[in-house]
Amino acid sequence: MRMSVSMTAGWRSFRRYRASQWLAAARLMVAKRIVQAGWYKRRDVSTTRRPGRLFTFRLQQSEYFDGQRFRIDSHDIPFSHGMDWQQSRREALVGIRLRGWSWLRTEGLKEEHALGALLDFIATENGFTYRAEPYELSLRIQHACWWLGYHDRADVIVMQYIADAAARLRWLTEEHLSNNHLLENGFALCWAGLILDNASYRSRGLDILRTAWQSQVLPSGSHSEQSPMYQHILLARCIETIALMRNCSKETEAGFLVPVVASLAGWLSYLQWRNGAFPVINDSVERPLPEFSELSAALRALGIDQQQPVVAGPQVRLTNDSFECCFDVSGMEPAHCPGHAHSDSLQLLLNVHGESLLVDPGTSTYAAGEQRSRERSVYFHNTVHQRGDDPAELLGAFRLGRSPGVKLMNVSVNEVLAELTSTYRHQRQVQLNSHELKVVDEISSEEPAFACWLVDKKTGPVLKNGMLTTKFVTIQFHGVVGIELSEFQYAVDFGLFKEAVAVKVEFRRRLETRFILREASMS
C-alpha cells in the first residue's frame, strides 16, 4: 500500500531525528493527551502583589489592536465578545499571531481594552483545539507577563491564567524540535516564574535556555535556523530576559545569555545591508521587527557590546563602495529540523549603490500549497538547477526529505568558492573588484542547466544583444545557450509583494556572469 504525501513527508522528516528527539516527540504526544484531558497539576497563584515595572522596553511588533479591531499583516479582524479566536477560516499563521497576544504591546492601547480582550479569550479557551499547542502557549505567557510587568498590574484572573498555562507548558516543552520553539518555551517559563515568584518555573525555563543555546548559536553568531527574522525575535527575547532578571535582582542567573546576545547582535550587524534592510534568507522578511536599530539601542542601555564574527558563517559577504553581495554557502539547516529552510544553497543576493538588484523570492505564507512550494524551491532563487531537479526534496509546508551537501572551499576578502553536491555537482566562484562582480558556475552533468537571476524590476532591466542592462550595472553572460525573461512577484513580508523579472539562463557545463558597473562598461 502506498503512503499518502503527508505520511511520506512525516516519515522522511522523522528519519532526520536523533534518538533523543524520537523519545522527546513520543513524550510530547502523550503529554498533549494529558493536558487536553486536564490531568496535569494545576497551580494557584501564590502572590497577587503588583510585580512592579519589571519591563522597561516596548520593542516594536507588527500586530496591532485598538480595542475594536486587530490588524495582523493585511488582515483586519473585528473584536467582539465571544469572537472566533481560533480563526480557522484564515491562514494558520494569522490565528497563531492573534492567539499569541503580541498585540498587547500596541502603543497607545488602553489597559481596559487589553484586559477585556484577555478575559474574553480566557473565558473561551477551554473549547480550543489549540489549547495544548506549546508554541502558542509560550507566546501567550510571554506577552501576558510583559503586559503585567510593563504596566505594573496584578490582575488575578490573568495571573491565574499564566500560572495554569505555565503548568501545562512544563509538560509540553518541544525538545524534539530543538529550534526557536524550544527557546520560546524556555523564555515563557522563565518569565512566568519571575512574574509569579515561582522558583520552579524560573529554574526550568533557564535550564532549557542554557542547554538550547549551546546548540542553537553557531560559532559565527548566526542562529542555527539561519533566518534573520527569527534571529531578531530571539535577540529581542534575550534582551528582555536579561533586563527582567536585572530588575528582579537575579542578574547572575542569566549571565550565560550575555555572550549569546553579543554574538547574535554581531551576526545581524554583519548581515545588514547599508540601507537598513536585511538579506531575505530562508523564512524571513526584508525588514524584521523589532528593528535592529531598536535592539542595538536596548543593548547599549544594558551595557552589552556586539561581538563581530571571527569565523566564516553560513553566509559570506563581499563588499566595496558600490557592491554589497551576500553569498549563501550553507545547506538545509539545521539538519534535524529544517522546517524554515529554503532550497537556496549557493544563492547570491546583491545590492548596488544601496539598492536591491538580485532579490530572493521571499516568504509570503506558511500555508501549504503552490505559493509556499514555489517560494521554498530552487527554481526562483539566484542559483543553478537542472530541469525539474531540485537538489532538495521539499515536502509540504515545512518538511524535507533529501537535501544537498554544501562545502565552503575557499574564502578571502574578495573571492569565495563553494560546492553543492546532490544528483549533480555544482561549483560557484564569486569574485569582486572595484567595478565588477564575476560569478562562475560549473556543473558536472552533461544535462542542460539553468541559472536564475531574480532582478528587482525597479532597476529597469532590458535585454538586448544577449546582455541585460539595469539602472547601475550591465550583466554579461558567457557560455549561454538561451535566455528567457518572465514576470515575477517576490515577497518582502508576509502578504506584501514587489515586482521582479526572472532571468533564466540556459547553459552547458560552465557559465560566466559578469555584473559590470555601467560607468565602467562605458569608459
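Scroll up for the structure.
Remember, predicted model here, so these are calculated numbers, not experimental data.

Visitor: Help me out: how do you make sense of the overall build of the protein chain in this one?
Guide: On a plain count of helices and strands, the protein chain comes out with 13 helices and 19 strands. Whereas a compact globule of 523 residues would reach a radius of gyration of roughly 24 Å, the protein chain reaches 24 Å, a difference of no more than 12%. Along the three orthogonal principal directions, the C-alpha set of the protein chain runs to about 75 × 60 × 40 Å. A buried classification covers 58% of the 523 residues belonging to the protein chain. Restricting the contact set of the protein chain to residue pairs at least 6 apart, pairs at least 24 apart contribute 69%. With an accessible surface of roughly 21,000 Å², the protein chain has 50% of that area assigned to carbon and sulfur atoms.

Visitor: Explain helix H3 (residues 92-99) to me, please; I cannot follow it from the model alone.
Guide: Working note: α-helix, 3.6 residues per turn, so residues spaced by three or four point in the same direction. Most of H3 sits out of view: 6 of its 8 residues are buried. Within the sequence span of H3, burial applies to Leu-93, Val-94, Gly-95, Arg-97, Leu-98 and Arg-99. In this structure, the buried residues of H3 make contact with strand S2 (69-72), strand S3 (75-78), helix H4 (111-124) and helix H5 (134-151). Looking one or two residues past H3, Trp-101 carries a phi angle of roughly 70°, positive in sign.

Visitor: Where do I start with the nonpolar core in this structure?
Guide: A general tendency of soluble globular proteins is for nonpolar side chains to be buried together. Trp-85, Trp-103 and Trp-213 are the most contacted members of the largest nonpolar core, which has 97 residues in total. Considering each element in turn, this core owes the most residues, 11 residues, to helix H7 (residues 180-196). In this structure Trp-85 touches Phe-70, Phe-79, Leu-98, Arg-99, Trp-103, Ala-117, Asp-120, Phe-121, Thr-124 and Phe-128, once residues within four positions along its chain are discounted. Val-316, Leu-437, Val-455 and Val-501 belong to the second-largest nonpolar core, a separate cluster that totals 37 residues.

Visitor: Looking at this structure, I do not really get the packing of aromatic side chains. What am I missing?
Guide: Aromatic ring pairs are described here by two measures, namely the spacing of the ring centres and the angle between the planes. Under the counting rule described, the total for this entry stands at 18 aromatic pairs. Between the aromatic rings of Phe-70 and Trp-85, the centroid separation amounts to 5.7 Å while the plane-to-plane angle is 65°, which identifies the pairing as edge-to-face. Of this pair, Phe-70 sits in strand S2 while Trp-85 sits in the loop between S3 and H3; the two residues are 15 residues apart in sequence, bridging distant segments of the chain. Here Phe-70 matches Trp-85 in class, with each residue buried. Ring plane angle 65° and centroid distance 5.0 Å describe the contact between Phe-70 and Trp-103, whose orientation is recorded as edge-to-face. Of this pair, Phe-70 sits in strand S2 while Trp-103 sits in the loop between H3 and H4, and the two are 33 residues apart along the sequence. Neither residue differs from the other here; Phe-70 and Trp-103 are each classed as buried. Ring pairs connect the aromatic residues Phe-65, Phe-70, Phe-79, Trp-85, Trp-101, Trp-103, Phe-121 and Tyr-161, which therefore count as one cluster. Across the ring face of Tyr-64, the terminal group of Arg-71 is positioned such that the distance to the ring centre comes to 4.6 Å. When the ring centre of Phe-380 is taken as origin, the NZ or CZ atom of Arg-374, which lies over that ring, is 6.0 Å away.

Visitor: How do you make sense of the pattern of salt bridges when you look at a structure like this?
Guide: Between side chains of opposite charge, a pair can form as their charged atoms come close. All told, the structure shown has 31 salt bridges when counted by the stated rule. A salt bridge links Glu-240 to Arg-105; the nearest nitrogen and oxygen atoms lie 2.7 Å apart. One end of the pair, Glu-240, is in helix H9 (residues 228-247); the other, Arg-105, is in the loop between H3 and H4, with 135 residues separating them in the sequence. With respect to burial, Glu-240 and Arg-105 carry one shared label: buried.

Visitor: Looking at this structure, how should I read helix H8 (residues 199-216)?
Guide: Here H8 contains 18 residues, and its C-alpha end-to-end distance of 25 Å stays within 8% of the 26 Å for a straight helix at 1.5 Å per residue. When we look at burial in H8, the residues that qualify are Tyr-201, Arg-202, Gly-205, Leu-206, Ile-208, Leu-209, Ala-212, Trp-213 and Gln-216. Burial along H8 is one-sided: seen end-on, the buried residues are contained in an arc of 160°. For H8, the exposed residues set more than 90 degrees away from the buried face come down to Thr-211 and Gln-214. Summarising the contacts, the buried residues of H8 are in contact with helix H6 (156-172), H7, H9 and helix H10 (257-271). Measuring from the side-chain oxygen of the N-cap residue of H8 to the backbone nitrogen of Ser-200 gives 3.0 Å; that N-cap residue is Asn-198.

Reading the values: the criteria
- Residues numbered from 1 in each chain as written.
- Predicted model: local features only at pLDDT ≥ 70, side-chain atom pairs only at ≥ 80, totals over all residues.
- Heavy atoms only, no water.
- Helix = DSSP H or I, 4+ residues; strand = E, 2+ residues; numbered from the N terminus.
- Rg over C-alpha atoms; globule rule 2.2 N^0.38 Å.
- Buried < 20%, exposed > 50% of the residue type's maximum accessible area, 1.4 Å probe, protein only.
- Contact = heavy atoms within 4.5 Å.
- Areas by Shrake-Rupley, 256 points an atom, 1.4 Å probe, with all protein chains shown as cover.
- Core = buried A, V, L, I, M, F, W, Y, C linked by side-chain atoms within 4.5 Å.
- Phe/Tyr/Trp six-rings, centres within 6.5 Å; stacked < 30°, edge-to-face > 60°.
- Lys NZ or Arg CZ within 6 Å of the ring centre and 35° of its normal.
- Salt bridge = Lys/Arg side-chain N within 4 Å of Asp/Glu carboxyl O.
- Expected span 1.5 Å × (residues − 1).
- Arc of directions from axis to C-beta.
- Polar contact = N/O pair within 3.5 Å; in protein donor to acceptor, adjacent residues only side chain to side chain.

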